[in-house]
Amino acid sequence: MEPTASYWDCGEFISTSYKLMVPHPPGAPVFLLVGRFFSLFASDPQHVAYCVNLVSALSSSFTVLFLFWSITMIAKKLAKNENGEHSTAQLIAIMGAGVVGSLAYTFSDSAWFSAVEAEVYAMSSFFTAIVFWAILKWEAHSDEAASERWLIFIAYLVGLSIGVHLLNLTAIPALAFVYYFKKYDKINLTGSFVTLIISVLLLGVVMVGIIPGLPTIASKFELFFVNSMGMGFGSGVIAFMALLIGGLAYTIYYSQTTGKRLLNISLLALGFILIGYFSYGVIVIRSQFNPPIDMNDPENVMTFTSYLKREQYGDRPLLKGPNFTAKPQEYKKTSPVYVPGKDAKGKDKYIITDYKTEVVYRAKDEVLFPRMYSNQPGHPEQYRSWMKFSKSHVPTFADNMSFMFTYQMGHMYWRYFLWNFAGRMGDEQDSSWLGPNNWFSLNEHTALYASKARNNFFLLPLIAGMIGFSYLITRDRKNGIIVTMLFLFTGLAIIVYLNQPPTEPRERDYTFAASFYAYSIWIGLAVLFLAETFEKYVLRNGVVAASFASVVLLVVPGIMGSQGWDDHDRSKRYYQVESAKNLLNSCAKNAILFTGGDNDTYPLWYAQEVEGVRTDVRVCNLSLLNTDWYIKQMTEKAYLSDSLPIGLSIDQYRQGTNDYLYLDRETYEQNKNATINLPIFLDLAKRKDKLITRIYDGQPLIFYPSANFVLPVDTAHVASLGIVPENLIPAITPRLAFSINDGGMDKRTYVILNMLVNNNWKRPIYFSTTLSPSDYIGMQRYMQLEGMAYRLLPVEIPGASEGWINTDVMLKNMMKFEFTNLDDSTIFYDENYQRFTFNSKSQYFTLANQLMQERRDKEAKEAILYCFNKIKSPAIPYDHLNAYMVGQLFKLGEKDLAYKYAMEIRTYAEGVANYIKADKIKETNKKRTTGITLQVLSQILKEHGYTKESEQIDAFMVEANLNRALQ
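Residues numbered from 1 in each chain as written. Predicted model: local features only at pLDDT ≥ 70, side-chain atom pairs only at ≥ 80, totals over all residues. Heavy atoms only, no water.

Asks: Tell me about the overall build of the protein, residues and numbers included.
Replies: In terms of helices and strands, the protein carries 37 helices and 19 strands. Over its C-alpha trace the protein gives a radius of gyration of 31 Å, about what one expects of a compact globule, namely 30 Å for 967 residues. Taken over the C-alpha atoms alone, the protein extends approximately 100 × 85 × 60 Å along its principal axes. Per-residue burial over the protein gives 56% buried out of 967 residues. In the protein, the proportion of contacts linking residues at least 24 apart, taken out of those at least 6 apart, comes to 73%. Of the roughly 41600 Å² of accessible surface on the protein, 58% is carried by carbon and sulfur atoms. Side chains of the protein carry 90 positive and 89 negative charges; the gap between the two charge centres is 4 Å. (Helix = DSSP H or I, 4+ residues; strand = E, 2+ residues; numbered from the N terminus. Rg over C-alpha atoms; globule rule 2.2 N^0.38 Å. Buried < 20%, exposed > 50% of the residue type's maximum accessible area, 1.4 Å probe, protein only. Contact = heavy atoms within 4.5 Å. Areas by Shrake-Rupley, 256 points an atom, 1.4 Å probe, with all protein chains shown as cover. Lys, Arg positive; Asp, Glu negative; His and termini not counted. Charge placed at Lys NZ, Arg CZ, Asp CG, Glu CD.)

Written out as structure tokens, the structure is:
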């Protein structure tokens, strides 16, 4: 299990569990409450992550337990004598089936991945497992007088599971079929179809009618009571809750007293679903206290409804919608956005700040069941690449279906399915499954360079599952259909619902863990088939046959566990949090730090919120800075950090206000050299001065006449602050000149510019080195590199268009950075770690280069060797930056040391290339990076007189076909 916070959402979930804060929509209040309980057992803040990770480990453990019980319950129906009893041989086979199937799921790739980190998917799988077990228990006891208590228990579990993740709701159709098969003697196609329709409707009632539906109705009450009746905030919600609970209580009482049993059970089930669902009160209550992490600020019913609906992520068309080639015809206003405020008389009222918009397309551009719909940047090109379309091709219905089967089902489901039950080629994004043509492709040498995530199961789990499926469907059609429904609705049905775009930032296999759970049931039932086969044709002894079948099929989870251990063991990983600490420690005291995506930000949140590291630094996520709720949070004090000097009232950044400021292209084209005084422009924008304001559709919009801006600098004031190194004081510039060339500026840029003006250089402002160049808003030449972050300073150095390096500060910072266990080759680090450590290597290379230019050769060598020794291959593979550092060592006169590292890099890179060639891996990023590494190494060796070695590398690249990968 991970001892600290993993990448992606784990840092956020650990932080929000520890202090009961508000994570990203739609939240997970039950997970937070359980995580908070476990965090109480931490001996110190550094132990909190371990305790919250333990929630997933134990959830997975209980998932396996309930899977074992479920398999044995099904197996007991299949293996029994004519009198309904079980012989010793049958009991052995039943227990063997439970052990084999549950252990197969234990060591399946997707379940194992989620089991060792603080994410919601392990707990979601637990709820799926216990719900499925409970319906089997109901079936076994349905003839008893109080059997309905199992149905009520299931309803409560369903309600609780909503507070974890919605995935396990897809088990409802399987539950409906259990009920249908038990309650009706006559089973036919019509009845099965009706059951399927009813189950889908039940799923819709929960997912649409209850989860977002009830808050939506509550918001209508709230609007009426506050805006129409003049009552206080919250009065409408209280009235709605009183009516809901009172009405439900009365109808339950009525059904009880009148003896309407089915109505009574249905109402009790609804009541217990709501009890579980009301765990979301935690989200609203905690949001009202404005904790440091308060995603979407769902403190009132209006924002809470938007939070639950995940409106910030947009919609994906399901039954009808546009192709990706469709052009919007108009943007239609739909429902208003309400926020608490004051009316003209100063009374509390919900005021309209904006309207939600709906894109309208031409009728002929909309198709049934659109699968290729996204026109986000890069997506059209990906669609065309997948489907081999020409640029002018317009997708047909058949094209959409083809994309669904090839990409959405093939690449995004069946590939993951085969990862779990056939084998996996490696850990790279979009890595394929490992088929028979690659089973014996590696020899003793090339296997040394294979990814630890290359797992070969020899198709054994897949074959066992097929045997178990066939055995169950032929011997017990009802239970066969039930498990099949669970398998399909937690797998392919989710694919249809998600309607995934053509590219994802990471692999999404965890989404389908419940489907793999269902397949593991079939793997277990294969024991029964083998036991019967061995007894009938080979061994003639039931006990021996059952024992032998169990032992034989234990090979399945055995090989899954042995192959998967090295790439699923995370017990010694620390870098994800250390990288956050290194970034925070790159900043001066009381700094403002701009970051980007999830892996840039969530580890920082964890480091500050849980371990209390550098809480004087205010982390500001640029992706979230486009939202009014996040800007509001940034205007509040947090721990040792003061509020950010944004200088805007909420009326000036609320949704619908200054969401985008537009460049007046016509004016700009007439005089491209014109500049705008930034403070004056921002003052005009705050006042919505008529000089720059135009009214469109009743809304005031800001237009500015030039893309070129100037921020004046009080040089004497800056010099007095002592923020500029003494040797750079002559380079203090009287103005910062920059350009915003994207046709306008979004809200985050507008907020950052206001911050720069209002800050007036009082607080240090930093930009993470992991940001894209566009995030630097044209100011990179005024940035000083101090480690893993750039500091914005009013200094301009001729020729330093990408900024400059403060070697004293950077050297002091980076020689203290922690990289625990990045030198341990026994630990598996996936591509996320390699990508982030690449950024660290880059800064060491940059630092050493600058030190060499300053004739500080000893310190340059120390920086290079610190990097080589701390971030060491093969734990973190050699890459072209290591090759460039070899060149630096040659220039420093360290000829023997440089040659030693050069040969190590060559040996490793050529070994990887041989592995790629032997394993028939297609054109991948790994092949390209390996080629670049060898190419750079060849050039450096040639430059320093090692012509023979350079020519050998060049010849190897031709032989290994690496030159093509570089094109």
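Asks: Got a sec to walk through a nonpolar patch on the surface? Specific residues and values, please.
Replies: Together, Phe193, Val194, Ile197, Ile198, Leu201 and Leu202 make up a nonpolar patch on the protein surface, roughly 560 Å² of accessible area in all. Structurally, phenylalanine 193 is set in helix 9 (residues 189-210). Note on phenylalanine 193: relative accessible area 52%, which makes it exposed. (Patch = residues over 30% accessible without salt bridge, like charges linked within 9 Å, V, L, I, M, F, W, Y side chains within 5 Å. Salt bridge = Lys/Arg side-chain N within 4 Å of Asp/Glu carboxyl O.)

Asks: So, helix 30 (residues 807-814): which residues are in play, and what are the values?
Replies: Among the residues of helix 30, Thr807, Met810, Leu811, Asn813 and Met814 are the ones counted as buried. Seen end-on, helix 30 carries its buried residues on one side only, within an arc spanning 165°. Where helix 30 is buried, its residues meet strand 17 (783-785), strand 19 (804-805), helix 31 (831-853) and helix 32 (857-870). (Arc of directions from axis to C-beta.)

Asks: How would you sum up the packing of aromatic side chains? Please name residues and give values.
Replies: In total, this model carries 79 aromatic pairs according to the counting rule given. On the numbers, 5.0 Å between centres and 65° between planes, the contact of phenylalanine 233 with tyrosine 350 is edge-to-face. Here tyrosine 350 lies in strand 3 (residues 348-360) and phenylalanine 233 lies in the loop between helix 10 (213-228) and helix 11 (235-257), a separation of 117 residues in the sequence. Accessibility expressed as a relative area gives 36% for phenylalanine 233, which makes it partly exposed. A residue is classified by how much of its surface remains accessible, and tyrosine 350, at 4% relative accessible area, is buried. Relative to phenylalanine 703, the ring of tyrosine 662 lies with its centre 5.3 Å away and its plane at 25°, an arrangement referred to as stacked. Of this pair, tyrosine 662 sits in strand 9 (residues 660-663) while phenylalanine 703 sits in strand 12 (residues 699-704), placing them 41 residues apart in sequence. Given the relative accessible area of 30%, tyrosine 662 is considered partly exposed. Its relative accessible area of 14% is what places phenylalanine 703 among the buried residues. Here the basic side chain of arginine 570 rests over the ring of phenylalanine 113, its NZ or CZ set 4.3 Å away from the ring centre. Above the plane of the ring of phenylalanine 703 lies arginine 694, whose end atom (NZ or CZ) is 4.3 Å from the centre. (Phe/Tyr/Trp six-rings, centres within 6.5 Å; stacked < 30°, edge-to-face > 60°. Lys NZ or Arg CZ within 6 Å of the ring centre and 35° of its normal.)

Asks: Account for the pattern of salt bridges, with residues named and values stated.
Replies: Within the structure shown, the criterion is met by 34 salt bridges. One salt bridge connects aspartate 348 with lysine 342, and the closest N-O pair in it is separated by 2.8 Å. For glutamate 910, the salt bridge goes to arginine 906, with nearest N and O atoms at 3.1 Å. Of this pair, glutamate 910 and arginine 906 are both found in helix 34 (residues 895-918), 4 residues apart, which corresponds to roughly one turn of the helix. Each member of the pair, glutamate 910 as well as arginine 906, carries the same accessibility label: buried. Here the residues in one salt-bridge network are Asp808, Glu854, Arg856 and Glu859, joined through shared partners.

Asks: Account for the environment of arginine 261, with residues named and values stated.
Replies: Summarising the element assignment, arginine 261 is placed in helix 12 (residues 261-277). Beyond its immediate sequence surroundings of up to four residues, arginine 261 is in contact with Ala145 and Glu148. At a separation of 3.4 Å, a polar atom in the side chain of arginine 261 contacts the main-chain carbonyl oxygen of alanine 145. (Polar contact = N/O pair within 3.5 Å; in protein donor to acceptor, adjacent residues only side chain to side chain.)

Asks: Please set out the sheet that holds strand 7 (residues 592-595) residue by residue, giving values where relevant.
Replies: A sheet is described by the order of its strands in space; here 6 strands give the open sequence 8-7-16-18-17-19, paired in mixed fashion. Strands at the two margins of the open sheet, each flanked by one partner only, are strand 8 (618-621) and strand 19. The pairing of strand 16 (residues 765-768) with strand 18 (residues 789-792) spans 3 bridges and is classified as antiparallel. What sits directly across from tyrosine 766, in strand 18, is arginine 791. Sheet contacts for helix 29 (residues 747-759): strand 7, strand 16 and strand 18; angle to strand 7, the most-contacted strand, approximately 165°. (Pairing = 2+ DSSP bridges. Axes fitted to C-alpha atoms, helices over the stretch in contact; angles between N-to-C directions.)

Asks: How would you summarise the sheet that holds strand 9 if you had to cite specific residues and measurements?
Replies: Read across the sheet, 4 strands follow the order 11-12-9-15 without closing on themselves; strand pairing throughout is mixed. Strands with a single pairing partner mark the edges of an open sheet, and in this sheet they are strand 11 (693-696) and strand 15 (744-746). Pairwise comparison of adjacent strand axes, ignoring direction, gives a mean angle of 35° for this sheet. Note: strand 9 against strand 12, 2 bridges, orientation parallel. Of the residues in strand 12, the one forming a bridge with tyrosine 662 is phenylalanine 703. Along the sheet, helix 29 contacts strand 9 and strand 15; its crossing angle with strand 15, the most-contacted strand, is approximately 85°.

Asks: Account for unusual backbone geometry, with residues named and values stated.
Replies: For the bond running from proline 25 to proline 26, omega is 0°, close enough to zero to count as cis. Secondary-structure assignment places proline 26 in the loop between helix 1 (10-18) and helix 2 (29-39). Although it is not a glycine, leucine 459 adopts a positive phi angle of roughly 65°. Looking at where leucine 459 falls in the secondary structure, it is placed in the loop between strand 6 (455-456) and helix 17 (460-475). Since its relative accessible area comes to 15%, leucine 459 is described here as buried. Located in the positive-phi region is asparagine 590, a residue other than glycine, with phi close to 60°. By the secondary structure assignment, asparagine 590 is in the loop between helix 23 (575-584) and strand 7. Here asparagine 590 falls in the partly exposed class, since its relative accessible area comes to 21%.

Asks: Can you break down the side chain of glutamate 428 residue by residue, with the values?
Replies: Along the polypeptide, glutamate 428 turns up in the loop between strand 5 (423-424) and strand 6. Of the side chains bearing the opposite charge, lysine 926 lies closest to the buried glutamate 428, which forms no salt bridge; the N-O distance is 5.1 Å. One polar contact links the side chain of glutamate 428 to the main-chain amide nitrogen of lysine 926, over a distance of 2.8 Å. Ignoring sequence-local partners within four residues, the contact set of glutamate 428 consists of Glu507, Glu831, Thr924, Asn925 and Lys926.

Asks: Describe in detail the pairing of strand 12, supporting the description with residues and values.
Replies: By the bridge criterion, 4 bridges tie strand 11 to strand 12 in an arrangement that is antiparallel. Note that in strand 12 the partner of isoleucine 695 across the bridge is proline 700. Counting the residues between successive antiparallel strands, the hairpin from strand 11 to strand 12 contains 2 residues, one of them, aspartate 697, with a positive phi of roughly 55°.

Asks: Go over the environment of lysine 895, please, and point to the residues and values.
Replies: Relative to the helices and strands, lysine 895 is located in helix 34. When the C-alpha atoms of lysine 895 and histidine 944 are compared, they prove to be 9.2 Å apart, with 49 residues separating the residues in sequence. Not counting residues within four places of it along the chain, the set of residues in contact with lysine 895 comprises Phe890 and Tyr946.

Asks: Requested: an account of helix 35 (residues 925-943), with residues and values cited.
Replies: Spanning 19 residues, helix 35 covers 27 Å between terminal C-alpha atoms, matching the ideal 27 Å at 1.5 Å per step. Three or more residues of helix 35 are buried, namely Lys927, Thr930, Gly931, Ile932, Thr933, Leu934, Val936, Leu937, Ser938, Ile940 and Leu941. Glycine 945 lies just past helix 35 and shows a positive phi near 90°. (Expected span 1.5 Å × (residues − 1).)

Asks: Please set out the side chain of asparagine 582 residue by residue, giving values where relevant.
Replies: Looking at the secondary structure, you find asparagine 582 in helix 23. Beyond its immediate stretch of four places on either side in the chain, asparagine 582 contacts Met788, Phe817, Glu818 and Phe819.

Asks: Describe the pairing of strand 18, listing the residues and the values that go with them.
Replies: Burial along strand 18 is two-sided: Ala789 and Arg791 and Tyr790 and Leu792, pointing in opposite directions, are all buried. As judged from the 3 bridges shared by strand 17 and strand 18, these two strands associate in the antiparallel manner. Paired with glutamine 784 across the bridge in strand 18 is arginine 791.

Asks: Can you tell me about the packing of helix 15 (residues 379-387) against helix 16 (residues 397-421), naming the residues and giving the values?
Replies: Contact geometry for helix 15 and helix 16: axes closest at 10 Å, N-to-C directions at 90°. Classified by the angle their axes make, helix 15 and helix 16 are roughly perpendicular. Between helix 15 and helix 16, the contacting residues are Tyr383, Trp386 and Met387 on the first element and Asp399, Ser402, Phe403, Thr406, Tyr407 and His411 on the second. Of the residues assigned to the contact of helix 15 with helix 16, the class counts are 5 nonpolar, 3 polar and 1 charged. (Parallel < 35°, antiparallel > 145°, perpendicular 65-115°, else oblique. Nonpolar A, V, L, I, M, F, W, Y, C, P; charged D, E, K, R; others polar.)

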